[in-house]
Amino acid sequence: ALRKRRTKLNKAIDTKITVVGFGSWGTALTVLLANKGYDVKVTARNIDHIAEVEYLRSNIRYLPQVRIPDSVKFENKLNTAVEDADIVLFAVPAQHFANTLKKAASSIPEDAIIVNVAKGIDMNSLKRLSELSAEIAPKNSYVALSGPSHAEEVGLNMPAGVVAASKDKDAALKIQEVFMNDRFRVYTHDDIIGVELGGALKNIMAIGAGISDGLGYGDSAKAAMMTRGIAEIARLGMSLGAKQETFAGLSGIGDLIVTCTSNHSRNRRCGLLIGQGMSPKEAAESIGMVVEGTSTCEAAYKLAKSLGVDMPITEMIHACLNSEINAKEAIDVLMTRSPKDERR
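Computed from a predicted structure; not experimentally measured.

Novice: Just checking my understanding: could you explain empty space enclosed by the protein for this structure?
Specialist: If a probe as big as a water molecule is rolled over the atoms, it shows which places are left empty. Tallied over the entire structure, the rule returns two cavities of 30 Å³ or more. By volume, the largest cavity is sized at about 80 Å³. Together, 15 residues line the largest cavity, and Ala-118, Lys-119, Gly-120, Ala-144 and Glu-196 are the ones closest to its centre. Of the residues that constitute the lining of the largest cavity, the class distribution is eight nonpolar, four polar and three charged. Size it by volume and the second largest cavity reaches roughly 70 Å³. What lines the second largest cavity is Gly-208, Ile-211, Met-225, Ile-313, Met-316, Ile-317, Cys-320, Ala-327, Ala-330, Ile-331 and Leu-334. Looking at the lining of the second largest cavity, the elements with two or more residues in it are helix H9 (192–214), helix H15 (312–321) and helix H16 (327–335). Classifying every residue of the lining of the second largest cavity gives ten nonpolar, one polar and no charged.

What follows is the structure, given as structure tokens:
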């Protein structure tokens, strides 16, 4: 029995993982996986950044408080980095996912699992990232790893819970096994549509929550925006085939809560600055990193219009981000809409 356990452990640790993209989230998951004993290789577009991290064993640009284990290897060339991987973890911004995958696809082994932690909708095609992966790398199983988790906390081994969602049950189970430890709990899920949309659209609502905070409207206003926000997220999701109960889970209300309330959230901070009087452009630039909610809002607005789905909060945040209306006017429009039944 002991020999069998050791064989299983060795087989698991022999799994080769390549992390593509080395921002805060890529860094946190690299540390998690390396500390579990996996063979982890990292690559990113900025060669100078990779060289800096390799030398310092610290990602001082994005997650300076976390040390990179000595076992982690670095590779400048994307195709070389992925060619022998069992798992390829994409941690690039959502709007760069398609192009990055296109560059890597010919070198990714057919039996490798593609895991994506970006949360967004592609602005050009209005497609979810799993749809893009199915077009670009159709032979590879795809898993979305999503849920209420900040890199700043996961990197420091603080408790968090997420979901591994996939159409391929075996792939989801494999990613659960690989990523889960005593501080990072991973659940499996088969509703890839709901999990992806919950993760993407909550960034829009976080901008709205930040705007509300910036205007000084208090907890009641923010709670109302979050609750009505999840209602319209679910409405769009179900129109695309998602299950309603998914939005009551970790990748739905769970991710919405943490993103709308945490100071770690770039989307909330962006909204906060807009509510305090900054222009949307100034607010986004002051954050210094990609604010996924701004591009996702544009995509979700167009997608909802094309499907005839009512998303009033998204519509007002879209107007705000495009400087068609100011923050206070946007809140006033939402508060003075015609009376509704909450369930419709």
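On we go.
Novice: Which parts of the structure should I look at to understand the side chain of Ser-262?
Specialist: Within the fold, Ser-262 resides in the loop between helix H11 (250–261) and helix H12 (266–275). Apart from the residues within four sequence positions on either side, Ser-262 is in contact with His-150 and Arg-268.

Novice: Just checking my understanding: could you explain H9 for this structure?
Specialist: Because the α-helix completes a turn every 3.6 residues, residues three or four places apart line up on one side. Between its first and last C-alpha, H9 extends 34 Å over 23 residues, near the 33 Å set by a 1.5 Å rise per residue. Most of H9 is tucked away: 23 of the 23 residues are buried. A positive phi of about 80° marks Gly-216, the residue just after H9.

Novice: Where do I start with unusual backbone geometry in this structure?
Specialist: One non-glycine residue with positive phi stands out, namely Arg-57, at about 55°. Exposure remark for Arg-57: the relative accessible area of 12% places this residue in the buried category. Its identity as a non-glycine residue notwithstanding, Asn-157 has a phi of 65°, on the positive side. Structurally, the position occupied by Asn-157 is in the loop between helix H7 (151–154) and strand S9 (160–165).

Novice: Please explain the state of the cysteines as it appears in this structure.
Specialist: Using the criterion set out here, one finds zero disulfides in the structure. Cysteine Cys-297 remains unbridged, with the sulfur of Cys-320 as its closest cysteine sulfur at 9.5 Å.

Novice: Would you take a moment to explain the pattern of salt bridges for this structure?
Specialist: Side-chain pairing between opposite charges can occur once the charged atoms of the two side chains come close. Summed over the entire model, instances satisfying the criterion amount to 20 salt bridges. Notably, a salt bridge pairs Asp-84 with Lys-16, separated by 3.6 Å at the nearest N-O pair. Placement of the pair is Asp-84 in the loop between helix H4 (78–82) and strand S6 (87–90) and Lys-16 in strand S1 (residues 16–20), with a sequence separation of 68 residues. Residue classification places Asp-84 among the partly exposed residues on the basis of a relative accessible area of 33%.

Rules used throughout
- Residues numbered from 1 in each chain as written.
- Predicted model: local features only at pLDDT ≥ 70, side-chain atom pairs only at ≥ 80, totals over all residues.
- Heavy atoms only, no water.
- 1 Å grid on protein atoms, 1.4 Å probe; cavity = no way out; pocket = protein on both sides within 12 Å on 5 of 7 lines; lining within 4 Å.
- Points joined across faces, edges and corners; volume = space filled by probe spheres on them.
- Nonpolar A, V, L, I, M, F, W, Y, C, P; charged D, E, K, R; others polar.
- Helix = DSSP H or I, 4+ residues; strand = E, 2+ residues; numbered from the N terminus.
- Contact = heavy atoms within 4.5 Å.
- Expected span 1.5 Å × (residues − 1).
- Buried < 20%, exposed > 50% of the residue type's maximum accessible area, 1.4 Å probe, protein only.
- Disulfide = S-S within 2.5 Å.
- Salt bridge = Lys/Arg side-chain N within 4 Å of Asp/Glu carboxyl O.

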